[in-house]
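Read off the chains here:
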Amino acid sequence: MPASLLWAVDVYGRVYSLSTAGQQWEQCRDAQMEFKRVTAAQQCCWGIACDNRIYLNVYASDLPIRYQEETYENQRWNPVDGFSDRLLPSDRWQWSDVTGLQHQPLDGFQLPSDSWEWEGDWYADENFEGEPTEKEGWTYAIDFPATYTKDKKWNSCVRRRRWLRYRRYKAMDSWAKIPSQETALPDPFSDISCGGWEISEEPRGRLSLWAVTLQGKVWFRDGIYHSSPEGSSWDDVSVPGEVIQISCGPGDLVWAVLWEGQLIVREGIGRDCPKGTSWAVVESPSPDVGAIHVAVGVSVVWAVTKDNKVWFRRGVNSHNPRGSGWISMVGEMITIDVGLNDQVWAVGCEDRAVYFRQGVTSSELSGKTWKAISVPRDGDRSHSSASAASLQSAGCFFSGEVCAPSGASDVESDAERGSVDGAGCPAAAASPGLSVEATADQTSEPPRPRIPKVTSDSFISELVSDREQRKPSRDAGAVAPAVLEVPGEGEDSVPPAGAALSPSQSGGPAGPQWSNVDLEEAQTQQGSTAGAVPDSADTSSLSSVATYTLAVEDPYGADEHPVWAWVSGGGCCVDSHSALSWFSSAGASSLVQSIQSMSLSVSPAQTAAWRRQIFEQLSERTKREMDNFRHYEQAIEQSVWVKKGTMQWWRDWKPHKWIDVHFALEQFSGPDGNKDGILFIYYNQHEEKKYLHAFVNEVTILVPVLNDSKHTFAIYTAERTRQRWPIRLAAATELEMHDWLALLSVSCCDSRALQGPPSKQAIWSITCKGDVFVSEPSAALEAVPYPTPCDQMFWRQVGGHLRVVECNSAGIVWGIGYDHTAWAHTGGYGGGFFQGLASSTDNIFTQTDVKSVYIYENQRWNPVTGYTSRGLPTDRYMWSDASGLHECTKTSTKPPSPQWAWVSDWSVDYGVSGGTDREGWQYAADFPASYHGYKTIKDFVRRRRWARKCKLTTTGPWQEVPPIPLSDVTILPCAAPSGVDVVPVWAISSKGDVLCRLGVTALTPAGSSWLHVGTDQPFKSVSIGAASQVWAVARDGSAFYRGSVSAQSPAGDCWYHIPSPAKQKLKQVSVGRTSVCAVDENGNLWYRQGVTPSYPQGSSWEHISNNVRKVSVGPLDQVWIIADKVQGSHSLSCGTVCHRLAVQPLEPKGQSWDYGIGGGWDHITVRGNAMEPARLRLPSLTGPSSLVPPGPPAVTDPEANGAAVGC
């Protein structure tokens, strides 16, 4: 889980952040003023400063915030001038928006605020729907408005072109003031809260910001999303009374507190109405004591009443935002905040410390106990007796004189030196906000100390008065607070020499320049010093009322803990599995320092000598205990053991059904130590006992099968791979299935002498279920003309769950999960259900993945009732999957497998291809057809997609690469002997941005940081080949080549547009040593002709095959694909690994396909296999073939089609 931040504000207005991976509060040094309170999200933090204005701090990211401004230039043709800007009076503006209704000249665009800057000048967009236009970017039509084309025709009377300009947000990691409205400004703000990012994923990064003014009004900030982090305008929201505080959760929960102590809930918040529609009143938890603070999360509400009691609201959810009742909780707090995953933070009433609510889970939202966060701040000082002694010995320079150290104690000398006459030295203030400033020049202007800015109105009178009295430190070097005495009434006081006078004494203005604050009484010992005034009655004695200035650099003493006023955890991601370092004891740091100091005394030479000595002792022991006994014969030459169990088997013959069988694994080892085994399946047929067997060394793969009702897995051999008909078994429980899979996997690896992590040359693949498999290639795999058949390759499973995986021959492997999280391989093996010897003990980490399950609600129109759920008898199910063939309702639909668990409720999905209306519906003439997001007179059916998220938690040799979610990744497929240290890694973010990873090496495969590569449109696929050839595919299906990419310029300089194949839109590209292959949206595989070092863009696309889902081109230009459909002797499989045969330098397209494991495979990469085969110059015995089966596939039972993961 990537690190996130917890924000807090102390009583002096300083803003601090605490990372989930850190151990100290980091002060926000950029803040030029004090802040009252802050509210945080995952990508930014908002705050109210003491000028009552709102400021925004956007976290720095490798991905910049860019906004595309666009305008259209329109022209009309006339017989005299041709195309010109002379338009008809009824025409649109010469410079307009895409609709032509709004006038948008180039000089009319202004930057929204000083936080933005232009990236460049205006330029004409020469790309139209994925294809290049003519040189000037014009598109033509018969009239305004109409359908535009890139080709000019005889009846093209009008034309237009799009002009683009980008602006970049530059105020990253700094507090930027939100620009004021030009219209009536709202009152000064007193409270603020942000949230609402889970209401809708579009537009990207959308946020809801609610604010409260000093007059009790509520305002809503419109237009906040990723490309506009500041928002656009303020909207007034009517409220039933004066509001003093408001809280907004990540979803649709918004609560507020009224001045009278009641609470109000905002109702009607949704995707189309983020501000909601109305307020509902909720009574205070205590009838006699009103509420002063409320905090909401996804499905929780916490409140604090005026007596500082904490309350929890039960029964809160999106359907019932009011909840059902209050529960009193233990503890007294002044403020409280709810963050991600409904985790809770608060500021204590007595000690003003920040507390974390432990034990908050989805099943126990109220948590278990409060625990104080005890970590230092980056400005805290460590005092010691040595430092105090050195301060005394050095003396104190003051008024041009040096004071000699006195014989009194440290406490006496530091506490009383302010009253020394003639040679007084100002003591270092050890209490917050406590200092005495003086100057030699008595006539100079006295200091003007700052008055503390109170950051929380609820405890103005309690800032320091309610704190317990504390005794001075007992340490020898402790420094007691130094204060300047304020004489009582009727007393006369003479200020000490060199002390600064107050304004009233020096004749200055009579304004309130000093603040009297009730402090605890400082207890010190009286002592005599040289030059001290003997009459203490006429001078100062320490009292509980002190006059002090707050203009100090370091107000913290040795034993002072921070005094917090506000906390915000809206962007802090913590769950029950998070390991936080916030609660370590105070002695831990000193212990670490002592250990570090001890380690400094050990030299590297001593360490090397110790290592050499230990190695020699171990070698001698091995020789003594092992080598001297090798001439003895083994006591047992051969061992045999058998494991038996009961399972269910999917019968090979018709009628296909599950039958109960006895399953046995017999494993034996020979005198040479080689292990082998046999699998037996005992079943009954016509009351006759029979068995089916398979040798362990013939098993090519063991695959968990995607089945929502049974715990099943499939066993493949080379013969059954050709048949597309595996042995399918079902265990009684998930644990039993995992035990068998782990045991069988170890047996198969032992029979092939495979141990440890995958090699650098390994071939990686992923099933539709998300399981990761690797295969160790042989040197003959790419041999010509007799390569190793694909169906004989052995695949073993690696822990983890991914959607995409990429590798190279340097051993660097990256993966992407279904939730777009990037992962880097740690070099381990095993994980998941592999335990013990089948898994490495280190380099195994927890891995989570989140995916969405979709169902469709279908309706048909009739003249009487309109659209209803009553369809024709021939229609699809009214609740179905995407195909409409299977009924899927909200109640009957389950997660993909028992390993997944629901983490959200069903909700309408608006991000469907083709668009939707305001309610999420798509319309069409009939089922099935092409759907669109608007209703026409010919649309008689409609559908909308519902989504629900589920989560899987597993383990594997993968470490997360935060923080940008990715959709595609590619690694330079460097050859095995390559000496390249830094390996280029390119990626596409989930939003279509192109990124280049810096600092990736074999020792640091995760790299260090991202470098953004500018594009004019979102991309969806990228690939880098030999000599740093970078090819990419945009979301509109067009191809691009990146020029001038090198080690000195890892991001290149510009994109070159490559025309796509005729009437085709590409979706994926892969680049090898010299070959470039691409797959279009219709499943066609294309090869780029004419690619040379002098012309790397190539000349044309040549078709190779159809029926292709994914392609991977290796460092030897070998071509592997995932085929959609492959017919076997027994069944048809979907998602099959295929190898292109006879690929040679003179014939880079190859000749035919060899079919491997399948079906149910979704991804493969061979970019790590750089083993050069021995080539034989013999004629090929294979002829050209196509992946398309010769005849239509036979319709088989979906349970018996051999699809290992249910594709």
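Residues numbered from 1 in each chain as written. Predicted model: local features only at pLDDT ≥ 70, side-chain atom pairs only at ≥ 80, totals over all residues. Heavy atoms only, no water.

1. Points about the overall build of the chain
Phase 1: The number of helices and strands found in the chain is six helices and 74 strands.
Phase 2: Of all 1207 residues assigned to the chain, the portion counted as buried reaches 50%.
Phase 3: Looking at the chain alone, contacts between residues at least 24 apart form 59% of all its contacts between residues at least 6 apart.
Phase 4: Total accessible area on the chain stands at roughly 57200 Å², and carbon and sulfur atoms take up 52% of it. (Helix = DSSP H or I, 4+ residues; strand = E, 2+ residues; numbered from the N terminus. Buried < 20%, exposed > 50% of the residue type's maximum accessible area, 1.4 Å probe, protein only. Contact = heavy atoms within 4.5 Å. Areas by Shrake-Rupley, 256 points an atom, 1.4 Å probe, with all protein chains shown as cover.)

2. What about the packing of aromatic side chains?
Phase 1: Counting across every chain of the model gives 41 aromatic pairs.
Phase 2: Geometrically, the ring pair formed by tryptophan 210 and phenylalanine 220 is edge-to-face, given 5.1 Å between the ring centres and 70 degrees between the ring planes. A residue pair is termed long-range when its members are at least 10 positions apart, and tryptophan 210 in strand 18 (residues 208-213) and phenylalanine 220 in strand 19 (residues 218-222) qualify at ten residues. Both residues of the pair, tryptophan 210 and phenylalanine 220, count as buried.
Phase 3: Here the aromatic residues Trp7, Phe35, Tyr55, Tyr59 and Trp175 are joined through ring pairs into a cluster of three or more.
Phase 4: When the ring centre of tryptophan 138 is taken as reference, the NZ or CZ atom of arginine 159 above it lies at 3.9 Å.
Phase 5: In this structure, lysine 643 packs its charged tip against the face of tryptophan 740, placed 5.1 Å from the ring centre. (Phe/Tyr/Trp six-rings, centres within 6.5 Å; stacked < 30°, edge-to-face > 60°. Lys NZ or Arg CZ within 6 Å of the ring centre and 35° of its normal.)

3. Concerning the UniProt feature "domain: Peroxin/Ferlin" (unreviewed entry) in the chain
Phase 1: Feature annotation in UniProt assigns "domain: Peroxin/Ferlin" (unreviewed entry) to the following positions: residues 64-125, 137-170, 848-909 and 920-953.
Phase 2: For residues 920-953, the end-to-end C-alpha separation is 31 Å, with 0% helix and 50% strand making up the annotated structure. (UniProt positions renumbered as here; feature names shortened; annotations may be inferred.)

4. Here we look at the side chain of aspartate 849
Phase 1: Secondary-structure assignment places aspartate 849 in strand 50 (residues 845-862).
Phase 2: Of the side chains with opposite charge, arginine 803 lies nearest to the buried aspartate 849, which makes no salt bridge, at 7.5 Å.
Phase 3: Reaching out from aspartate 849, the side chain makes a polar contact with the side chain of histidine 801 at a distance of 2.8 Å.
Phase 4: At 3.0 Å, the side chain of aspartate 849 and the backbone nitrogen of aspartate 819 are in polar contact.
Phase 5: Non-local contacts of aspartate 849, meaning those with residues more than four positions away in its chain, are made with His801, Gly817, Tyr818, Asp819, Trp900, Cys950, Lys951 and Leu952. (Lys, Arg positive; Asp, Glu negative; His and termini not counted. Salt bridge = Lys/Arg side-chain N within 4 Å of Asp/Glu carboxyl O. Polar contact = N/O pair within 3.5 Å; in protein donor to acceptor, adjacent residues only side chain to side chain.)

5. What to know about a nonpolar patch on the surface
Phase 1: There is a patch of nonpolar side chains on the surface, built from Trp610, Ile614 and Leu618 and spanning about 330 Å² of accessible area.
Phase 2: Considering the arrangement of structural elements, one finds tryptophan 610 in helix 4 (residues 604-625). (Patch = residues over 30% accessible without salt bridge, like charges linked within 9 Å, V, L, I, M, F, W, Y side chains within 5 Å.)

6. Some details on the sheet that holds strand 42 (residues 711-717)
Phase 1: Strand order in the open sheet made by the seven strands is 40-39-38-37-43-42-41, with antiparallel pairing throughout. Taken across any chain shown, the strands that pair with only one partner, and hence form the sheet edges, are strand 40 (688-695) and strand 41 (699-704). Shown here is a sheet whose adjacent strand axes are inclined to one another by a mean of 35 degrees, direction ignored.
Phase 2: The pairing of strand 37 (residues 639-650) with strand 43 (residues 727-731) spans two bridges and is classified as antiparallel. Among the inter-strand pairings, glutamine 648 is bridged to a residue of strand 43, identified as alanine 730. (Pairing = 2+ DSSP bridges. Axes fitted to C-alpha atoms, helices over the stretch in contact; angles between N-to-C directions.)

7. Some thoughts on the sheet that holds strand 58 (residues 966-971)
Phase 1: Spatially, the four strands line up as an open sheet ordered 58-59-60-61, and their pairing is antiparallel. If you trace the sheet from one side to the other, it starts and ends with strand 58 and strand 61 (1009-1013), each paired once. Here the average twist between neighbouring strands, direction ignored, is 30 degrees.
Phase 2: Pairing geometry for strand 58 and strand 59 (residues 985-989), over five bridges, is antiparallel. Across the sheet, the residue bridging to isoleucine 971 is valine 985, located in strand 59.

8. Section: the confidence of the model for the chain
Phase 1: Averaged over every residue, the pLDDT of the chain is 79; the share at 70 or more is 78%.
Phase 2: Counting contacts from residues 382-559, a segment whose pLDDT is below 50, to residues more than four positions away or on other chains yields 212 contacts.
Phase 3: Taken together, the stretch residues 1180-1207 has pLDDT below 50 and engages in 72 contacts with residues farther than four places along the chain or on a different chain. (pLDDT = per-residue confidence, 0-100.)

9. What to know about the side chain of serine 1070
Phase 1: Along the polypeptide, serine 1070 turns up in strand 66 (residues 1066-1071).
Phase 2: Here valine 1113 takes part through its backbone nitrogen, which lies 2.9 Å from a polar atom of the side chain of serine 1070.
Phase 3: What serine 1070 contacts, discounting residues up to four positions off in sequence, is Ser1023, Ser1075, Val1076, Cys1077, Val1111, Ser1112, Val1113 and Arg1167.

10. As for the environment of valine 38
Phase 1: Looking at the element boundaries, valine 38 is found in strand 4 (residues 35-40).
Phase 2: Taking the C-alpha atoms as reference points, valine 38 and serine 568, 530 residues apart in sequence, are found 6.5 Å from one another.
Phase 3: The residues touching valine 38, leaving out its near neighbours within four places in the chain, are Trp7, Val9, Val15, Cys45, Trp46, Gly47, Trp175, Trp566 and Ser568.

11. Details of the pattern of salt bridges
Phase 1: If you walk through the whole model with that rule in mind, you get 31 salt bridges.
Phase 2: When the shortest N-O distance is used, the salt bridge between arginine 14 and aspartate 10 registers 3.3 Å.
Phase 3: One salt bridge connects aspartate 151 with lysine 150, and the closest N-O pair in it is separated by 3.6 Å.
Phase 4: The class of aspartate 151 is partly exposed, set by a relative accessible area of 44%.
Phase 5: Using a relative accessible area of 25% as the deciding quantity, one classes lysine 150 as partly exposed.
Phase 6: Connected through salt bridges with shared partners, the residues Arg66, Glu119 and Arg168 form a single ionic network.

12. Focus: unusual backbone geometry
Phase 1: The omega torsion across lysine 654 and proline 655 is -5 degrees, close enough to zero to call that bond cis.
Phase 2: Along the chain, proline 655 turns up in the loop between strand 37 and strand 38 (658-669).
Phase 3: With an omega of -5 degrees, the peptide bond running from proline 962 to proline 963 counts as cis.
Phase 4: Note that proline 963 resides in the loop between strand 57 (958-961) and strand 58.

13. Some remarks on the pairing of strand 43
Phase 1: A large share of strand 43 lies buried, amounting to five of its five residues.
Phase 2: Every second residue of strand 43 is oriented toward a common face, with Ile727, Leu729 and Ala731 on one face and Arg728 and Ala730 on the other, all of them buried.
Phase 3: Here five bridges tie strand 42 to strand 43, and the two strands are oriented antiparallel to one another. Of the residues in strand 43, the one forming a bridge with isoleucine 715 is isoleucine 727.

14. Section: the nonpolar core
Phase 1: If you look at the biggest cluster of nonpolar residues, it comprises 35 residues, and the most contacted ones within it are Trp814, Leu966, Trp986, Phe1019 and Trp1055.
Phase 2: When residues of this core are traced back to their parent elements, those giving at least two are strand 48 (813-816), strand 49 (822-825), strand 58, strand 59, strand 60 (994-998), strand 61, strand 62 (1019-1024) and strand 63 (1030-1034).
Phase 3: The leading source of residues in this core is strand 59, at four residues.
Phase 4: Beyond its immediate stretch of four places on either side in the chain, leucine 966 contacts Arg803, Trp814, Ile816, His820, Ala822, Ala987, Ile988, Ser989, Ser990, Leu995 and Trp1010.
Phase 5: By size, the runner-up hydrophobic cluster in this structure holds 28 residues, among which are Met647, Val661, Leu679 and Ala731. (Core = buried A, V, L, I, M, F, W, Y, C linked by side-chain atoms within 4.5 Å.)

15. Considering the environment of isoleucine 1058
Phase 1: Along the polypeptide, isoleucine 1058 turns up in strand 65 (residues 1054-1058).
Phase 2: For isoleucine 1058, a relative accessible area of 3% translates into the label buried.
Phase 3: Isoleucine 1058 sits 17 residues away from tyrosine 1041 along the chain, and the two C-alpha atoms are 6.9 Å apart.
Phase 4: Apart from residues no more than four positions distant in its own chain, isoleucine 1058 is found in contact with Trp1031, Ala1039, Phe1040, Tyr1041, Arg1088, Gln1097 and Trp1101.

16. Observations concerning the pairing of strand 49
Phase 1: Every second residue of strand 49 is oriented toward a common face, with Ala822 and Ala824 on one face and Trp823 and His825 on the other, all of them buried.
Phase 2: Relative to strand 49, strand 48 is paired through three bridges, and the arrangement is antiparallel. Looking at strand 49, one finds that tryptophan 814 is bridged to alanine 824.
Phase 3: Once strand 48 ends, the chain turns through five residues before running back antiparallel as strand 49, passing histidine 820 with a positive phi of about 70 degrees.
Phase 4: By the bridge criterion, four bridges tie strand 49 to strand 57 in an arrangement that is antiparallel. Each bridged residue has a counterpart across the sheet, and for alanine 824 the counterpart in strand 57 is glutamine 959.

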